[in-house]
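The residues making up each chain are set out below.
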Amino acid sequence: MSESVGSATVTLGENSANISVEGINRGYYDANDVTLLGGRYLTEEDVSGEKAVIMVSDKMIKTLYGEGTSYESVLGKRLLVDINGLYFSFYIVGVYEYEEDATSFSSESDEDVETAVYIPITTAKNKLHSDNGYQQVTVVTTDAVTDVTTFATEIKEYMNNKFYSTNDDYKISATTMSSLTESMSDTIGTVAIAIAFIAGISLLVGGIGVMNIMLVSITERTREIGTRKALGAKNSSIRLQFIIEAMILCLIGGLLGIMLGFGLGAIAAKVMGYSAAAPVAAIIGSVAFSMGIGIFFGFYPANKAAKMDPIEALRYE
């Protein structure tokens, strides 16, 4: 079981750390990966006794006590935690390893990052005078459960039918990791469609620009085209020439875009503290797609040049 107490601040001399306080029971560790670095986990005795003990992150220890501080040396130390202007006293009994969330895109500095601290759930309810009941219960299934989604639905229906059948204002909801993954995938898919739509408009505008440039180029080289046709150049040869020119034009633009993407991506990754790498397949695909745009939008100008009357072309200007 777990209950979010809220954001808080811990201050020690001139140093301060941002934290989020979570009330938990011993079973929380069975459902979540919490690596112990020093001291101990919260116990059933801590929960039943509503003890004022706290488990903190190594990142918070480094922020308050400095780099190189021994985790064992901070055990038993008293912390004053400011929760919404109210100060609560806790004693450190354990230090866990903080792992940065790979899915987050926070722009906070390293010193301002908020890490979780854990206190007994009964202590959280007692100090904050919370209502009876619990905000969240995590159920860990055995290997015998093959369909977790159906299992979660059965739990939800059982709890609602047994305890809330006459309550129209409150119902229990159940989520699984697969449902959260599906929800995130749907969100990412929606964003991808929106980006693709914007990119499509950009490609359309860019393609029209390429076509206009090629039309201008053909107009400026009308006499050259007439001379070539008078000397026996085939329509297919002239058409191919201008299509290749359009492809090269788009290829140069694609390469410039890739270099710009690499540069801006490296800067953004460094600022956000993440590593980023572009797949080779995506780079090759981008270049090929750029050349395809050149073929598509360059065909009309190239075909127009190929169909010129050599006599009219030679008379031009």
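Keep in mind the model is a prediction, meaning the values are calculated, not measured.

Draft legend 1. Structural view of the nonpolar core. Counting 22 residues, the largest nonpolar core has Ile19, Val21, Ile54, Val56, Met60, Leu79 and Val81 as the members making the most contacts within it. Every element with two or more residues in this core is listed here: strand S1 (2-12), strand S2 (15-24), strand S4 (53-57), helix H3 (58-65), strand S5 (78-83), strand S6 (86-96) and strand S7 (115-120). Looking at this core element by element, the count peaks at four residues for S6. In this view, Val56 contacts Ile61, Leu79, Ile92, Gly94, Val95, Tyr96 and Val117; residues no more than four positions away in its chain are not counted. Residues Ile225, Ile243, Met247 and Cys250 belong to the second largest nonpolar core, which totals 15 residues.

Draft legend 2. Main features of helix H9 (residues 280-306). For H9, with 27 residues, the first-to-last C-alpha span of 37 Å sits near the 39 Å given by 1.5 Å per residue. The largest bend in H9 comes to about 45 degrees, at Gly298, with the proline Pro301 one to four residues further on. Where H9 is buried, its residues touch helix H6 (177-220), helix H7 (222-230) and helix H8 (235-272).

Draft legend 3. Region of the structure containing unusual backbone geometry. You will see that Glu50, though not glycine, has its phi angle at about 50 degrees, which is positive. Its location among the elements puts Glu50 in the loop between helix H2 (44-48) and S4. Positive phi values are uncommon outside glycine, yet Asn84 reaches one of about 55 degrees. Tracing the sequence through the fold places Asn84 in the loop between S5 and S6.

Draft legend 4. Focus on the packing of H6 against H8. Running from amino to carboxyl end, H6 crosses H8 at an angle of 135 degrees, the nearest separation of the two axes being 11 Å. Classified by the angle between their axes, H6 and H8 sit oblique to one another. Every pair of crossing elements has a handedness; the one defined by H6 and H8 is right-handed. On H8, the residues touching Val210, Ile213, Met214, Ser217 and Ile218 of H6 are Phe242, Glu245, Ala246, Leu249 and Cys250. Of the residues in the contact of H6 with H8, the class split is eight nonpolar, one polar and one charged.

Draft legend 5. How the structure looks around the packing of aromatic side chains. All told, the structure shown has six aromatic pairs when counted by the stated rule. Arranged with centres 5.3 Å apart and planes meeting at 50 degrees, the rings of Tyr28 and Tyr118 form a pair that is tilted. Residue Tyr28 is located in helix H1 (residues 28-31), and its partner Tyr118 is located in strand S7; the two are separated by 90 residues in the primary sequence. Here Tyr28 falls in the buried class, since its relative accessible area comes to 15%. Each ring, one from Tyr96 and one from Tyr118, has its centre 5.4 Å from the other, and the planes form 45 degrees; the classification is tilted. Of this pair, Tyr96 sits in strand S6 while Tyr118 is found in strand S7, placing the two residues 22 residues apart along the sequence. The exposure class assigned to Tyr118 is buried, which follows from its relative accessible area of 7%. An aromatic cluster is present here, built from Tyr28, Tyr29, Tyr41, Tyr96 and Tyr118 joined pairwise through their rings. The ring of Phe163 is capped by Lys162, whose NZ or CZ atom sits 5.8 Å from the centre of that ring.

Draft legend 6. Expanded view of the confidence of the model for the protein. With 96% of its residues at a pLDDT of at least 70, the protein reaches an overall mean of 86. Within the protein, the lowest mean pLDDT, 77, falls on helix H10 (residues 310-315), and the highest, 95, falls on S4. Long-range and interchain partners of residues 102-107, a stretch whose pLDDT sits below 50, account for four contacts in this model, where long-range means more than four residues apart.

Draft legend 7. Here's a closer look at the pattern of salt bridges. Per the counting criterion, the structure on display carries four salt bridges. Ionic pairing is found between Glu3 and Lys125, a salt bridge with its closest N-O pair at 2.9 Å. Of this pair, Glu3 sits in strand S1 while Lys125 sits in helix H4 (residues 121-128), placing them 122 residues apart in sequence. When sorted by exposure, Glu3 lands in the same class as Lys125, which is buried. A salt bridge links Asp46 to Arg40, with the nearest nitrogen and oxygen atoms 2.6 Å apart. For Arg40, a relative accessible area of 31% corresponds to the partly exposed category. Residues joined by salt bridges that share partners form a network here, namely Arg221, Glu224 and Glu245.

Draft legend 8. Main features of the environment of Gly294. Looking at the element boundaries, Gly294 is found in helix H9. Taking C-alpha positions, Gly294 is 11 Å from Gly209, a pair spaced 85 residues apart along the chain. Non-local contacts of Gly294, meaning those with residues more than four positions away in its chain, are made with Ala246, Met247, Cys250 and Phe299.

Cut-offs used in this document
- Residues numbered from 1 in each chain as written.
- Predicted model: local features only at pLDDT ≥ 70, side-chain atom pairs only at ≥ 80, totals over all residues.
- Heavy atoms only, no water.
- Core = buried A, V, L, I, M, F, W, Y, C linked by side-chain atoms within 4.5 Å.
- Buried < 20%, exposed > 50% of the residue type's maximum accessible area, 1.4 Å probe, protein only.
- Helix = DSSP H or I, 4+ residues; strand = E, 2+ residues; numbered from the N terminus.
- Contact = heavy atoms within 4.5 Å.
- Expected span 1.5 Å × (residues − 1).
- Bend = angle between axes of the 7 residues up to and from the residue.
- Axes fitted to C-alpha atoms, helices over the stretch in contact; angles between N-to-C directions.
- Parallel < 35°, antiparallel > 145°, perpendicular 65-115°, else oblique.
- Left-handed = near helix turned anticlockwise from the far one by under 90°.
- Nonpolar A, V, L, I, M, F, W, Y, C, P; charged D, E, K, R; others polar.
- Phe/Tyr/Trp six-rings, centres within 6.5 Å; stacked < 30°, edge-to-face > 60°.
- Lys NZ or Arg CZ within 6 Å of the ring centre and 35° of its normal.
- pLDDT = per-residue confidence, 0-100.
- Salt bridge = Lys/Arg side-chain N within 4 Å of Asp/Glu carboxyl O.

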